[in-house]
Protein chains: 2
Amino acid sequence: MNLLPGFDDILAAAARIAPYASVTPVLRSAALDTLAGAELHFKCENLQRGGAFKFRGACNAVWSLDDGQAAHGVVTHSSGNHGNALALAAATRGIAAHVVVPEGAVRAKLAAIERAGAILHRCAPTQAAREATCAEVQRATGAELVHPYADTRVMAGQGTLALELLQQAPGLDALITPVGGGGLASGVAIAAHGIDPALDLFGAEPLGADDTAQSLARGTRVTTVVPDTICDGLRALVGERNLDALRTHRVEVITVSDTETIAAMQLLWSELKQVVEVSSATVLAAILKQPQRFAGRRVGVVLTGGNVDLQALPW
Amino acid sequence: MNLLPGFDDILAAAARIAPYASVTPVLRSAALDTLAGAELHFKCENLQRGGAFKFRGACNAVWSLDDGQAAHGVVTHSSGNHGNALALAAATRGIAAHVVVPEGAVRAKLAAIERAGAILHRCAPTQAAREATCAEVQRATGAELVHPYADTRVMAGQGTLALELLQQAPGLDALITPVGGGGLASGVAIAAHGIDPALDLFGAEPLGADDTAQSLARGTRVTTVVPDTICDGLRALVGERNLDALRTHRVEVITVSDTETIAAMQLLWSELKQVVEVSSATVLAAILKQPQRFAGRRVGVVLTGGNVDLQALPW
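Quick caveat, the model's predicted, so the values are computed rather than measured.

Draft legend 1. Quick look at the interface of chain A and chain B. Listed as interface residues are 18 residues of chain A and, on the opposing side, 18 residues of chain B. With both chains or domains summed, chain A and chain B bury close to 1400 Å², and 63% of this area falls on carbon and sulfur atoms. Contact with chain B buries area across many residues of chain A, yet K273(A), V275(A) and L310(A) alone supply 40% of it, more than any other trio. For the pair chain A and chain B, the number of links is zero salt bridges.

Listed below in structure tokens is the structure:
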């Protein structure tokens, strides 16, 4: 299950999720173009079902199951957008979704996952407890594990947004996504180079969780980084296969501080008029930090999600 | 100049502004549909050039001038979205824009108007001073006055958004806009009924500036209301001709409290993921306040603008 998807898998995923996922709009801002000195085409996955790109991967995984497998439901461990996306995706097929959530997870997010129809399983807030509880649910129910990023079907699903973006904004020179576990970045890399192998690919990573940048620099996967960043969607260590894909597709990672990201988040809200979560703003922060890499070019910019707590804004 | 536009004027305006104005997207939210018990189609004028629908009217006015008139430029009094829109519209034609602004206007808004290329003229913060200064600028420069709402060309321009919306979301049963001076509501009414005379039209007005609701109830224009509302875009008294149009087109006005509007604003941010200004949220507040009027229907909902100060949110 941990092999990288091929371009064909991504095309198949696009057809599979088409009845359920939104074709999200691509928005522009004259003010942001001026600021960046580049032509920015924002792919607004904050407007995707569930408010994040995660629905694409979860939906592809759910609809990849044969009827026998599907009858046992799906399971994952995630208190964030992936858990919510899997619940929504399972609902489109009328099957059970089990979501393992650590004690201490944000109550509003758990409520959203429950509203989407999932069965919550609480566990201690450690990686070991998550995995053990997940395995337990699998044994008890026969549910299929859908990992947030180290899953071929999930990566293929995330890649579909690049197919859409390159159709909506033809002739792009470069494309940038945030990097966390790498499911999005690798899916997008395979999809984008399947259409245009000359496209320059970039990733944006928080300085406080820069394991991908370190791994690419050293040529081997660095697993010693202890994430310390406000970007809650980008704290996961990059997966082994995801890292392989980033290397193969020559994805350059630009690191940004939380302060730079928060400033970029405010720009996306005030100029693009889009509510995006802090992790999404890393991409604009990266462009504004290293403008010479993007100057005068047509750049696809992936805004990953818009699930925020309006009572706890970071400024 | 204060006659109402006809449907033909609105069609002509649409052709006139097409090279400059954005065709703004229509967005949906499953969560908001569930909450309202209706099918809501949000016309996102927060994504219009300048961040508000006002660009449509200003642009139509600027490009309605013959070359001789245009050479002398345009003038208006507005420290808000109309001033900014007129500056942007004048720039598309390469002519001067004079904007009369009262002392005490929000510095950020004035900076935006100046950035858009306008010449600012300061005056005392009274209606009399605004009009006197405007007249002075007209005498000195020969500039054409473009009033924010009591102007046929402006009303025709604003009406173009209804043409777009009815094309993007065919088969609507009802349509709702905020009501301030009435330029938007009357332009939209004329456009919408030009396409579908059976459409039910609604306006949303702050309780603290409910001169339109009072005027329609009494059958005569009420001018004694002293505006007291957080909705800074809706403080103007309804214009005489604008009121005529609302009456002719049987526009029903629903009044909402600022508390209801702020709650609706948070829903638009958190569920639709759109940054909209507080005045824009009156429409959703009105739908949620009187759901029986909209239950089970397909409703066009006009979100007028998204120019907000992120450092001074009303919650």
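Draft legend 2. Fine view of the packing of helix α1 (residues 7-17) of chain B against helix α3 (residues 54-64) of chain B. All names here are of chain B. Running from amino to carboxyl end, α1 crosses α3 at an angle of 85°, the nearest separation of the two axes being 9 Å. What the angle tells us is that α1 and α3 run roughly perpendicular. Together, A13, R16 and I17 of α1 and R56, C59, N60, W63 and S64 of α3 make up the contact between the two elements.

Draft legend 3. Just empty space enclosed by the protein, in detail. In this structure the tally under the stated criterion is two cavities of 30 Å³ or more. In this structure, the largest cavity encloses a volume near 40 Å³. Lining the largest cavity are L175(B), T177(B), A185(B), V188(B), A189(B), L201(B), F202(B) and V251(B). Among the secondary structure elements, those contributing two or more residues to the lining of the largest cavity are β7 (174-178), α9 (183-195) and β8 (200-206) of chain B. Looking at side-chain class alone, the lining of the largest cavity contains seven nonpolar, one polar and no charged residues. Here the second largest cavity defines a volume of roughly 40 Å³. Taken together, L175(A), I176(A), T177(A), A185(A), V188(A), L201(A), F202(A) and V251(A) form the lining of the second largest cavity. Listing elements by their share of the lining of the second largest cavity, those giving two or more residues are β7 (174-178), α9 (183-195) and β8 (200-206) of chain A. A per-element tally of the lining of the second largest cavity places β7(A) first, with three residues. Of the residues belonging to the lining of the second largest cavity, the class tally is seven nonpolar, one polar and no charged.

About the cut-offs
- Residues numbered from 1 in each chain as written.
- Chains lettered and ligands numbered in written order.
- Predicted model: local features only at pLDDT ≥ 70, side-chain atom pairs only at ≥ 80, totals over all residues.
- Heavy atoms only, no water.
- Contact = heavy atoms within 4.5 Å.
- Buried area = accessible area lost by both parts, 1.4 Å probe.
- Salt bridge = Lys/Arg side-chain N within 4 Å of Asp/Glu carboxyl O.
- Axes fitted to C-alpha atoms, helices over the stretch in contact; angles between N-to-C directions.
- Helix = DSSP H or I, 4+ residues; strand = E, 2+ residues; numbered from the N terminus.
- Parallel < 35°, antiparallel > 145°, perpendicular 65-115°, else oblique.
- 1 Å grid on protein atoms, 1.4 Å probe; cavity = no way out; pocket = protein on both sides within 12 Å on 5 of 7 lines; lining within 4 Å.
- Points joined across faces, edges and corners; volume = space filled by probe spheres on them.
- Nonpolar A, V, L, I, M, F, W, Y, C, P; charged D, E, K, R; others polar.

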